[in-house]
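Observations on chain architecture
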Amino acid sequence: DLCFLAADRLLSDLGWERNSISALIFISQTPDYRLPATACELQARLSLSSACAAFDVNLGCSGYTYGLWLAMTLAGQTPNGRVLLLVGDTISKTVDPSDRATATVFGDAGSATAIEADLAAPSAHFVFGSDGSGSRRLIIPEGCSRVDAELPESFGQRDRQKLFMDGPEIFNFTLRVVPQCVQEVCSKSGRTPDEIPLFLFHQANAFMLRHLAKKMKLDPAKVPLNIERFGNVSSASIPLLMVTSVADRVRGENIPVLMAGFGVGFSWCAAIIEFSKPRVVELID
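Residues numbered from 1 in each chain as written. Predicted model: local features only at pLDDT ≥ 70, side-chain atom pairs only at ≥ 80, totals over all residues. Heavy atoms only, no water.

Below, the discussion takes up the environment of M72. Following the sequence through the fold, M72 ends up in helix α3 (residues 63–75). For the pair formed by M72 and L85, sequence separation is 13 residues and the distance between their alpha carbons is 9.7 Å. Contacts of M72, omitting those with residues within four sequence positions, involve I115, A124, F126 and I273. (Helix = DSSP H or I, 4+ residues; strand = E, 2+ residues; numbered from the N terminus. Contact = heavy atoms within 4.5 Å.)

What follows is the structure in structure tokens.
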């Protein structure tokens, strides 16, 4: 529902004909049903063409940057070159209210991004990674097909159908992986971190992000935060930053922006994309 509202407003604002969209990607860990794919439901609700490819992707914290790569790749290979990327989670449904490690942290949000192929656009650069050995550090152990997951000792007697997060391990993972990922994507783009005016990081934890920026020697003014207002909204945190904390700047300047998503999986993806005054619609609150 959150992604539908965002997409409906975005398409109206852009003036795109709905039958001109070639693909719809829905990225979420909280789909409407185990099956069918929520993307198929959204294709119908948004009145898109039956020739539109529609599919789900199960990703969380890194989902938006992965989604941009996937949508940009598809846009260059589809008939009309238009792809709708819908990313969001309702993580609040998965947390145990008595678990302070999660109940006081997570929020809900959905986003919509419209991408159109343009041969004259500057190149975008991506760096990916995954480490499944950390998969049990952020997990809902039961509710699907496997019921015998071996969990960390810190899981204790928690409800196995609720979200478990091993905060210290997530913190260590982030500080270990993200600086290297950022350096790699900067090198790939031919820039140094000093030449990047905005760093849009997944809003996992304010203390962690400040510590990360300090470790990477980034100007805090380049690393906006909005977690105090919205909490950790999982896969939608980066687009939520774009329509709130940096909306006016992104609308008004041609600038390279570094985005980095990291967390559940473990998985991570950093991207450098050169914006050219994109349309940024208002937040639906």
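Counted by the stated rule, this structure contains one cavity of 30 Å³ or more. A volume near 40 Å³ is recorded for the largest cavity. Considering the residues around the largest cavity, the lining is formed by D96, D99, R158, D159, K162 and L163. For the lining of the largest cavity, the per-class residue count stands at one nonpolar, no polar and five charged. (1 Å grid on protein atoms, 1.4 Å probe; cavity = no way out; pocket = protein on both sides within 12 Å on 5 of 7 lines; lining within 4 Å. Points joined across faces, edges and corners; volume = space filled by probe spheres on them. Nonpolar A, V, L, I, M, F, W, Y, C, P; charged D, E, K, R; others polar.)

We now examine the nonpolar core. Grouped together as the largest cluster of nonpolar side chains are 36 residues, with contacts concentrated most on V182, F199, F201, L258 and F262. Elements supplying a minimum of two residues to this core: α5 (167–189), β8 (198–201), α6 (206–215), β9 (256–263) and β10 (267–274). No other element matches α5, which puts nine residues into this core. Other than its neighbours up to four places away in sequence, F262 contacts C61, S62, F173, T174, V178, F201, H202, A204, M208, L209, S267 and W268. Counting residues in hydrophobic clusters, the runner-up holds 30 residues, among them L68, A75, F126 and V246. (Core = buried A, V, L, I, M, F, W, Y, C linked by side-chain atoms within 4.5 Å. Buried < 20%, exposed > 50% of the residue type's maximum accessible area, 1.4 Å probe, protein only.)

Let us now look at the pairing of β8. Neither face of β8 is open: one carries L198 and L200, the other F199 and F201, and all of them are buried. Relative to β9, β8 runs parallel, the two being bridged by four bridges. Residue pairing for β9: L200 is matched across the bridge by M259. (Pairing = 2+ DSSP bridges.)

With mixed pairing, the four strands of this open sheet are ordered in space as β2-β1-β3-β4. Across the chains shown, the open sheet's two edge strands, defined by having one partner strand only, are β2 (53–57) and β4 (108–116). Pairs of neighbouring strands in the sheet enclose a mean axial angle of 15 degrees, with direction left out of account. Of the pairings in the sheet, the one linking strand β1 (residues 23–27) to strand β3 (residues 82–90) comprises five bridges and is parallel in character. Paired with I27 across the bridge in β3 is V87. (Axes fitted to C-alpha atoms, helices over the stretch in contact; angles between N-to-C directions.)

To continue, consider the packing of aromatic side chains. Under the definition given, this model contains nine aromatic pairs. A ring pair is formed by F155 and F164, whose centres lie 5.1 Å apart and whose planes are at 70 degrees; its orientation type is edge-to-face. Accessibility expressed as a relative area gives 4% for F155, which makes it buried. Judged by relative accessible area, which is 1%, F164 ranks as buried. With centroids separated by 6.0 Å and ring planes inclined at 20 degrees, the aromatic side chains of F171 and F207 adopt a geometry described as stacked. Of this pair, F171 sits in helix α5 while F207 sits in helix α6, and the two are 36 residues apart along the sequence. Under the relative-accessibility criterion, F207 is labelled exposed at 56%. Three or more aromatic residues joined by ring pairs make a cluster, and in this case those are Y66, W69, F126 and F128. Lying across the ring of F4, R45 places its NZ or CZ 4.2 Å from the centre. Its end group placed over the ring of W16, R82 keeps NZ or CZ at 4.3 Å from the ring centre. (Phe/Tyr/Trp six-rings, centres within 6.5 Å; stacked < 30°, edge-to-face > 60°. Lys NZ or Arg CZ within 6 Å of the ring centre and 35° of its normal.)

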